[in-house]
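Given next are the chains, with one letter for each unit.
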Amino acid sequence: MRNGVDREIPEQIGTRDVRPYEGAYATVRTDRKVARHQKWSSPQDDKVLPSIEAAIEACGLSDGMTISFHHCFRNGDRVVNQVLDACARKGLKGLRIYATALFPVHEPVIEHVKSGVVARIEGSMNGPVGAFVSQGGQLAEPAVLRSHGGRWRAVEAGDVEIDVAFIAAPQADPLGDATGIRGKTPCGPIQFSAVDAQYARKTVVVTNDLQPYPVHPFEIQAAWTDYVVEVDEIGDPENIVSGTLQLTRSPTNLRIARLTAEAVVASGVFVDGFGFQGGAGGISLAVTKYLGDEMEKAGIAAGFAIGGGTKLLIDLLHRGLVRTVLEGQAFDLDAIASLREDDGHVAIDPGFYANYDSRSCATYQLDAAFLGATEVDLDFNVNVNTHSDGQLLHGIGGHQDVAAGAGMTMITVPSIRGRLPMILDRVTTVTTPGEVIDVVVTERGIAVNPRREDLKDRFEAAGLPVRTLAEIREEVGRLVRPARKPVFGEEIIAAIEWRDGTIIDVVRKVEGWA
Amino acid sequence: MSVRSGSEAKGDCLVEVADSADGLEVATKNADLLGDGIRDVVHEVLAEVGCEGVALRVADFGGLDYVIAARTEAAARAADPTGTGRVTPAVDRIASDRDRPRRSRLYAPGNQPRLLAGIDVHGADCLLFDLEDSVPPAEKAAARILVKHLLAAVPFRDEVWVRINPLELGGDADVEEVLLGRPHGICLPKAESDKDIRALSELLARVESDLRYDEGSTWIIPILETAQGILHSEAIAASSDRIVMLAFGAEDYTRDVGALRSRRSLLYARSAIVAAAAAAGVQASDTVFSDVNDDDGLRKEAELGRELGFDGKGAVNPRQLPTIHRAFSPTDEELERARAIVAAAREAETEGLGVVALDGRMIDRPVLDRAKRLIKYADRLSEGGDRDA
């Protein structure tokens, strides 16, 4: 069947019945969220176990069950691999991994898939695991990619039932209160796992810094935690700073950033108290910096910014240019220190900022957001999941949630990377539909979605270079011969969920080239 | 060492002449997507230079078509130095106006594809592709071929220039090659006398004639960067109708005269250039400011340049353009004043008055002319598109 972004999707993916994407806000649910598991304890209970293996036994983890993780250590994570190794030693098979995201450090997952320990993966796959899954035929069911909010929603809705949540916790107490902003190796807020901790049949806090009761802030609460395990290592905080978190020095990217900041200033939302989303990625960081300069010049301050906490954003907080930073995840150590020290800096969870099935969420309060893209097409659809060769590359992150929520959603993307044009007739995969994208900023000009004539008028009045996507695509087309395109077969590698649980696209196995 | 052209840098491509005649090998990160397109470009170039038999190994690192074409041509020609074939692209660029605004001249190194890709988007008034100081001797031949292909492939909105080497150091070969890409003009470094300009002008006339361009359609910017050049600036400025602007190069100048670089040490040279340019009715462009991170220092130096009478300034990084453009664009107050002067003149004319007065003060003819020029200049700038550009 064809869904609302004109993508061919099947009625069934693996064992799952597909609800097709019909529109960014088409789903209205009137049923109930699922109930959480009953838990009980006596005042004398001892939750501390000597090892991950002991926790696996205590939780009754068995073949085919679902285990979950957060990604707050990003490429420095040590918990996923430890738990999977322990599962392998226990002879477990057919597990489903429900991680928020996997990174290159999780390459050993591939061996666990080959040996049958892992049968299914749902969550972002950055790097080798994505490339492996793209080969097809590896998983018992196609992978499922969800946004931050979509992942949270799927648990509450009962789409995914977690059997055991393993939560890497930089500091915890023996009852299982835990935080990510203190301890020997802080990684920033770990509230991505708050929904796992509440809904999982069993919840295990894995820490390398066990401290006397009470450890706070209570990002993970003793009330939800079944067991606590102390290990030597849970992650390397140096690696939460990834390569995408350096301020860009490329003249092309700096031009995109400058045009984006100027477009925000010209858009009409740039007034005292406005809210913006400051992401990671070289261009977004530069936009944040330029916006700070513009606010200072105009004598205004942002009411709030949603991060990706970064040193840059914290600098704006300290300079009084942003009054409140709402932080879902920390991207560097400065952001973590600020969470401990700054009054205006608040850790938030995806249920708070991104959940479709909720009465409100923080991204809906955003006036402006700037997000990256791998590809954009003439309908303003955005792909962040696959490379132009059809390989699964990246997760969704908060892309859909922010794009759907912000008053003005801007995509910042170079018109060409190497020899590959980034503005296409049709994106390889639709991650985020054009209906929630307002503006695309490239170094060759700013394209405005036809729905937003108001913005086009404002940009033109400000002397900004407004172009159409077709013009930009055509200009780039003169610099390189057209690339070949992947030919997709029938096998589905991954399903891309829209944040409401409908299927916006599927990633099929590449069979050849045209 | 084998015959090769290009490099493994991002945005470039390395073309090597293979020992055995086993045709064309292409390596690229996205071979399935991009291999065919690269092969097409290589084959077309080899056919045009008459080297179809040459076996090549092409390693691509994200080079655009014109980069691959240039590297292929350079390697093929190096493999067969006796051959006369070369790529003569079709270019439809037309000559630029003598008096167009030239607030900025942005330098880009002529043999670094990564820095050339996208250089057209920043809105520089003049782009200067450099074959001189930024290109090591061993790369000069490849650089002039690359700049030719770049000029031909990209529909630049900016005015495009090539800084050649001094004529006796390969500048003649530079001109022969890059004029095929139809630049608007040639920058001559270390110009020291009217003879230098006449030699370049004669060379340009010959190549223009060979290529059937209109004679005199290629402009010249002499770069004055020695004591001789400064002392002869008046004669240089007046030596050819091709000259539209004089440019100052402070680095070489301070070295030549033994000065430390400062506002004071450069004052004479700067003022001499401004006066020589004004006397000849051409524009004057100040030296580059090389600390890319010091925006405040750049702003101050640009404002000084404007104060001294320069029309523009050199830039070494696109980030410097907004600051330079702001400094050399008429301010709102200046424009307002100019419009008031023109309005007063119009009023005086309708009322048949011989004397123009504004706010009780008489307006001389030169002041009125200057006001009109300023308004015209501002109009031309606003046609340019980008607010900052």
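Thresholds, definitions, all that
- Residues numbered from 1 in each chain as written.
- Chains lettered and ligands numbered in written order.
- Predicted model: local features only at pLDDT ≥ 70, side-chain atom pairs only at ≥ 80, totals over all residues.
- Helix = DSSP H or I, 4+ residues; strand = E, 2+ residues; numbered from the N terminus.
- Buried ≥ 20, exposed ≤ 12 C-beta atoms within 10 Å, placed from the backbone.
- Contact = placed C-beta atoms within 7 Å.
- Pairing = 2+ DSSP bridges.
- Axes fitted to C-alpha atoms, helices over the stretch in contact; angles between N-to-C directions.
- Core = buried A, V, L, I, M, F, W, Y, C linked by C-beta atoms within 7 Å.
- Domains from an automatic or database assignment.
- Nonpolar A, V, L, I, M, F, W, Y, C, P; charged D, E, K, R; others polar.
- pLDDT = per-residue confidence, 0-100.
- Right-handed = clockwise from strand over helix to strand, strands pointing away.

Q: Lay out the overall build of chain A with the relevant residues and their values.
A: A tally of regular secondary structure across chain A gives 14 helices and 28 strands. Taken along its principal axes, the extent of the C-alpha atoms in chain A is 70 × 55 × 45 Å. A buried classification covers 59% of the 514 residues belonging to chain A. Summarising the internal contacts of chain A: among those between residues at least 6 apart in sequence, 73% fall at separations of at least 24.

Q: Please set out unusual backbone geometry residue by residue, giving values where relevant.
A: Residues and elements named next belong to chain A. A cis amide bond links Y213 with the next residue in sequence, P214, at an omega value of -5°. Following the sequence through the fold, P214 ends up in the loop between strand 11 (202–207) and strand 12 (227–230). A positive phi angle is found at R74, which is not glycine, with a value near 45°. Summarising the element assignment, R74 is placed in the loop between strand 4 (66–69) and helix 2 (79–89).

Q: Explain the sheet that holds strand 7 (residues 159–163) of chain B to me, using residue names and the numbers behind them.
A: All names here are of chain B. The eight strands lie next to each other as 5-6-7-8-9-10-11-12, forming a closed barrel whose pairing is parallel. For this sheet the average axis-to-axis angle between neighbouring strands, irrespective of direction, equals 25°. For strand 6 (residues 126–130) and strand 7, the ladder comprises five bridges, and the chain directions are parallel. Residue pairing across strands places L127 opposite V160, the latter belonging to strand 7.

Q: Mind laying out the nonpolar core, listing which residues take part and the relevant values?
A: Counting 162 residues, the largest nonpolar core has I167, V204, V206, V376 and A494 of chain A as the members making the most contacts within it. Tallying contributions element by element places helix 7 (residues 251–266) of chain A first for this core, with nine residues. Three or more residues apiece are contributed to this core by two domains, here domain 1 (49–240) and domain 2 (243–486) of chain A. In contact with V376 of chain A, other than residues within four places in its own chain, are V382, I411, V413, M422, I423, V427, V440 and L469 of chain A. One finds V54, F129, L146 and L204 of chain B within the second-largest nonpolar core, a separate group that totals 102 residues.

Q: So what's going on with the domain arrangement of chain B? Which residues, and what values?
A: One can read the domain layout of chain B as domain 1 (4–79), domain 2 (104–328) and domain 3 (332–383). The distance between the C-alpha centroids of domain 1 of chain B and domain 3 of chain B comes to 59 Å.

Q: Tell me about the environment of R153 of chain A, residues and numbers included.
A: Residue and element names in this part refer to chain A. As for its placement among the helices and strands, R153 is situated in helix 5 (residues 148–156). Separated by 49 residues in the primary sequence, R153 and P104 have C-alpha atoms spaced 26 Å apart. Excluding its chain neighbours within four sequence positions, the residues that come into contact with R153 are N355, Y356, D357, R499 and G501.

Q: Let's hear about the pairing of strand 27 (residues 486–497) of chain A: which residues, and what values?
A: All names here are of chain A. Looking at chain direction, strand 7 (residues 143–145) and strand 27 are connected through three bridges and run parallel. When the sheet's bridge partners are listed, A143 is paired in strand 27 with A494. Between strand 27 and strand 28 (residues 503–513), which pair antiparallel and follow one another directly, the connecting turn spans five residues, one of which, G501, has a positive phi of 95°.

Q: Residue-level account of the interface of chain B and chain A, with values.
A: If you look at the interface, chain B gives 21 residues, while chain A gives 22 residues. Looking at the side of chain B that touches chain A, its residues break down into seven nonpolar, seven polar and seven charged.

Q: Which residues make up the confidence of the model for chain B, and what values do they have?
A: Confidence in the prediction of chain B, expressed as mean pLDDT, is 93, and 97% of residues score 70 or more. Per-residue pLDDT stays below 50 along residues 385–389 of chain B; that stretch engages in 15 contacts with residues further than four places along the chain or on separate chains.

Q: Describe the pairing of strand 9 (residues 219–224) of chain B, with residues and values.
A: All names here are of chain B. Where burial is concerned, most of strand 9 is hidden: six out of the six residues are buried. The two faces of strand 9 match: W219, I221 and I223 on one face and I220, P222 and L224 on the other face are all buried. Of the strand pairs in this sheet, strand 8 (residues 185–188) and strand 9 are connected by four bridges, and their pairing is parallel. When the bridges of strand 9 are listed, I186 appears paired with I220. Chirality of the crossover, the property in question, places the unit of strand 8, helix 6 (residues 194–210) and strand 9 among those that are right-handed. Inspection of the sheet shows strand 9 paired to strand 10 (residues 245–248) by two bridges, in the parallel sense. Across the sheet, the residue bridging to L224 is F248, located in strand 10.

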